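Topology and contacts: notes
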Amino acid sequence: MEGYMELAKQLAEYCGGNPLALKVLGSSLFSNAKEPREKISMIEVWRSTLNSLNSLKGNLDDRIQGILQKSFDSLPHAINKELFLHIAFFFVGEYEGYVAKILEHEWHAKAGIRTLINRCLLTISPSKKVMVHQLLQGMARNIVLQESRDPAARSRVSQNDESYRLLRKGEGSKTIEGLALDLIFMFKKGLASNPLTLKTASLAKMDKLKLLKLRYVRVRLARSYKNFPELRWLYWSHCPLTKIPSCLLGSSLVALHMSDGWLKNFEPPMVLNSLKILNLKYSLDLVSIRHLSRLPNLKTLILSHCWSLSLTQVCKTIGGLKKLSLLDFGGRHRPRNKKYANPLQLLKTLFTGGGMPQLFLVPFPDSLKNLFLSYSHDDSSSLSKQHSSFYNHLNFGSNPLMLLTNYTNLKMLRVLDVSDCRNIKSLLCLQSTLEELYTSLCSSLEKITFELDRFRLRKFEYFERQNLFEIQGFLKLVPLAKVDEADLGHMKWIKTYHDTEVNLAGDDVNRYGCHTKVLYEYGIMSTYLAGIKDQSMPMSKYVSSSSFLSFRVPSCPEKCRIRGLNITASYRRFGTSHNKDKDRWALFTKVSNTTKGLTWMYNPLIYCDPGVGVDAVWLSYWPIGNILEAGDEINPRFHI
C-alpha cells in the first residue's frame, strides 16, 4: 500500500531474508486497519519499529533472538554449540575442508558441521564455503555477550576496539578461546601509519586461547614468545617478522596463515606433527623455505605470488612431504632469471633439454592431487612431463605452455584450468573423468577431444576463443569446402557458395570475412549464407512469411523413413543500437511436436551478422526423424 513500500524494504533488509525473523517481525506489524486514519497510524508504528531496530546497532530484537536461539539450544551436545560459535565468529566464508581440519581435533568438526546444517544454523555454498546467516551471526554475538560485561571474561572477542584494548593493555584472560583483531579501520582513520606494538605478555596470559586472527595490519608482538599460547590456528597477515621466532609455533598448531608479510626465510623451528595447512601467499620477500620435513603431516602448501622463490627450490624442499595434497605456486608474473626473461624461450630450452635439464629430475610427492601454477612464467613448463596419475585439479592458467602431454596417466583428474594459455593449440584425449574444463582466452586453441565419446563434463568455460573449431561432443566448425556432399542431404545446393564470405559472431566469437562454414553442435548441422537471392534456394513444401510455421508430417513412400527436419529461416537487421548491451542478439529456434508433447530448442553458438539491411539465411538439419510419424503436428518457431 502507498507509504509502506520503502519501510517494508528496510524492515526486510534488517531480517536479511531469514523466514523466521520475517514471520516474527511481520506478525508484530500486522493490522486489519481499514480506515484511512488507522492506516496512517500504522505507518507511524512501522516507522517507530524500524527506528527502534536501528537503535539496537546490530543487536537482535529480543523476539527474533528467542526464535532463532531455539535451534541453537536444541543442539544435542555442548561441543556442537561451541563449534557453531567458533564458526560464526571466525570462519564464515572459509572453505569447509579448511574449517574442518582446524576444528576437528577438539570440536569434531566433520560430524558437527553436518549437525549444524541439519539444524539450519549454517549452510555450505556451491563453492564449498561455510556460510552463516547474518541474523544467526548476530545471535551468536549476543550469546557470547551474555557471558560477561567484561570482554576479558568472555570466551570469544572479535570486536576490534575490545580486542585492541585487551592486547594493548596486556590484561590477558583465563577464559578467551578465540580472538580476532582487524585494525584496518585505524588506518582508514589515519590513526596508525606505522606497525603497532602489542605485548606478547597479554597473549601469554590467555591459557585457553586456541584461535588467533590478526588481519590487515602490521602488528609487532613485543618481547619474548617463550610463553606464547598453544594455538590451533594462527592467522597473521601483514606480519612484520622476517623469520619465525623459535617459540611462536606450538606443537598443537594445525593451520598457519602468514600472507602479505615480510618473511624472508621460512624454517620450522621444530617438528610440528599437527600442522596441516601453511599459507605464505604474497610473501614477496620470501627467498627460501627450508626443512619442511619437520612438517610431516602437511597437506596444503600455498606459495602463490611469492615472486622471489623458484619452483626448483620448492620442489626439492617438498619432495619428502608424503601427505601433501595441494600445492599452490601460482601468480608468478616475473621470471627471476634474466637469461630466460622470455617465457617462450624458457619453454623451448626446457623441452630441448638445454640450460636447466635438472628440472625434469625433481618429482612432486605422489600424494599431490591439486596443483596450481597459474601465471607461472618461469620454470613451470617442465611440469608437462611430471604428471602424477592421481591429480584431481590442475591449474596452469596464464602459463606459456604450448602443449600438455600424457593425459592418459591422469586417471583421477576432475578439474583442468588452462585459461589464458595463449600458446596451447590443442587438448587431445582428455580423460573421461574430467568434470570441469576452463579454456577461456586460449587464443590459439583449435581442437579439444576426449578419450571416450561419453564423459562427465558438467562445467565448461571457453569464451574468447578465436580459433577454436572443434570441441568433441559440443561443436565442430568446418569450412563448407571440406564437407562431403553426401553429409549435406537436401542442402547439397549450398556447395556452390563455399567461397562466399560471411561475418560470423556469437558469444565472444568474431570471424569477419571468412568463407562459409558448417557448424555441428548438439547433433544439429547448420550454416549461414548472406546476400543471396531467394530464387537461389530450392522451394520448400512448408513455408511461412512469419516467424511461426505449422504443418503435419506427411506419409513416407514405401521402404523409406524420415531421417530428420531441414529448417531454413531468412532474416534481416534493420538497425543498430547505441547501447552495446541492447545491440547484442542471437538466434533461437524452438520445434514442437504437439501430437507427442515433445519440444526441441536450439540457440546456435555462432550466428551470421550480415550487416544492416542485408538478408541472411540460416539453414539447419535436425536428426530427429525417429521421433516423427505421419500425421504429427510440427510447429517450428524462429526468434532473433
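**Some remarks on the sheet that holds strand β23 (residues 475-479)**
Taken in spatial order, the 8 strands line up as β18-β20-β22-β23-β26-β27-β33-β29 in an open sheet, and their pairing is mixed. Both edges of this open sheet fall to β18 (426-430) and β29 (565-572), since each of them pairs with a single strand only. Pairing of β29 with strand β33 (residues 615-622), which is carried by 8 bridges, proceeds in the antiparallel orientation. Across the sheet, the residue bridging to R572 is D615, located in β33.

**A short note on the nonpolar core**
In terms of nonpolar packing, the biggest core is built from 112 residues, with F266, L303, I448, W618 and W622 touching the most fellow members. One finds Y14, L50, F90 and L103 within the second-largest nonpolar core, a separate group that totals 49 residues.

**Looking at the sheet that holds strand β34 (residues 633-639)**
Overall, antiparallel pairing links the 4 strands, which are arranged β28-β34-β30-β31 in an open sheet. Each edge of the open sheet carries a strand with a single partner, namely β28 (551-552) and β31 (598-602). Sheet analysis places strand β30 (residues 588-593) next to β34, joined by 6 bridges and oriented antiparallel. Looking across to β34, one finds that K590 is bridged to R637.

**With respect to unusual backbone geometry**
Negative phi is the rule for most residues except glycine; trans is the rule for most peptide bonds. Backbone geometry places D420, a non-glycine residue, at a positive phi of 65°. Following the sequence through the fold, D420 ends up in the loop between β17 (415-417) and β18. The backbone of K559 sits at a positive phi, close to 65°, despite the residue not being glycine. Within the secondary structure, K559 sits in the loop between β28 and β29.

**So, the pairing of β23**
Strand direction decides the pairing type here: strand β22 (residues 470-471) and β23, joined by 2 bridges, are antiparallel. Each residue of the ladder has a partner; that of I471, found in β23, is L475. One ladder, built from 5 bridges, connects β23 with strand β26 (residues 517-521); its direction is antiparallel. Bridge pairing in β26 links V478 to V518.

**A closer look at the confidence of the model for the protein**
The predicted model of the protein averages 81 in pLDDT, with 81% of residues at 70 or higher. This stretch, residues 334-362, has a pLDDT under 50; its non-local contacts, to residues over four places away or in other chains, come to 47 contacts. Of the regions scoring below 50 in pLDDT, residues 378-387 engages in 43 contacts with residues more than four places distant in sequence or in other chains.

**Topic: the packing of helix α6 (residues 96-107) against helix α7 (residues 109-118)**
Running from N to C, α6 and α7 cross one another at 110°; their axes reach a closest spacing of 7 Å. The pairing of α6 with α7 is recorded here as roughly perpendicular in orientation. Contacts between α6 and α7 involve E96, V99, A100, L103, E104 and W107 on the former and, on the latter, A109, K110, I113 and R114. Of the residues contributing to the contact of α6 with α7, the split by class is 6 nonpolar, no polar and 4 charged.

**Points about the pattern of salt bridges**
Scanning the entire structure with this criterion turns up 18 salt bridges. Here D207 ties to K174 by a salt bridge, and the two come within 2.9 Å at their closest N and O atoms. Of the two residues, D207 is situated in the loop between α11 (200-204) and β6 (211-215) and K174 in the loop between α9 (160-169) and β4 (178-182); the sequence distance between them amounts to 33 residues. For E435, the salt bridge is made with R414, and the minimal N-O distance between the two is 3.9 Å. With a gap of 21 residues between them, E435 in the loop between β18 and β19 (436-438) and R414 in the loop between β16 (393-395) and β17 connect regions that are remote in the sequence. Residues participating in the shared-partner salt-bridge network are R414, E435, E436 and R458.

Cut-offs and rules
Residues numbered from 1 in each chain as written. Predicted model: local features only at pLDDT ≥ 70, side-chain atom pairs only at ≥ 80, totals over all residues. Heavy atoms only, no water. Pairing = 2+ DSSP bridges. Helix = DSSP H or I, 4+ residues; strand = E, 2+ residues; numbered from the N terminus. Core = buried A, V, L, I, M, F, W, Y, C linked by side-chain atoms within 4.5 Å. Buried < 20%, exposed > 50% of the residue type's maximum accessible area, 1.4 Å probe, protein only. pLDDT = per-residue confidence, 0-100. Contact = heavy atoms within 4.5 Å. Axes fitted to C-alpha atoms, helices over the stretch in contact; angles between N-to-C directions. Parallel < 35°, antiparallel > 145°, perpendicular 65-115°, else oblique. Nonpolar A, V, L, I, M, F, W, Y, C, P; charged D, E, K, R; others polar. Salt bridge = Lys/Arg side-chain N within 4 Å of Asp/Glu carboxyl O.

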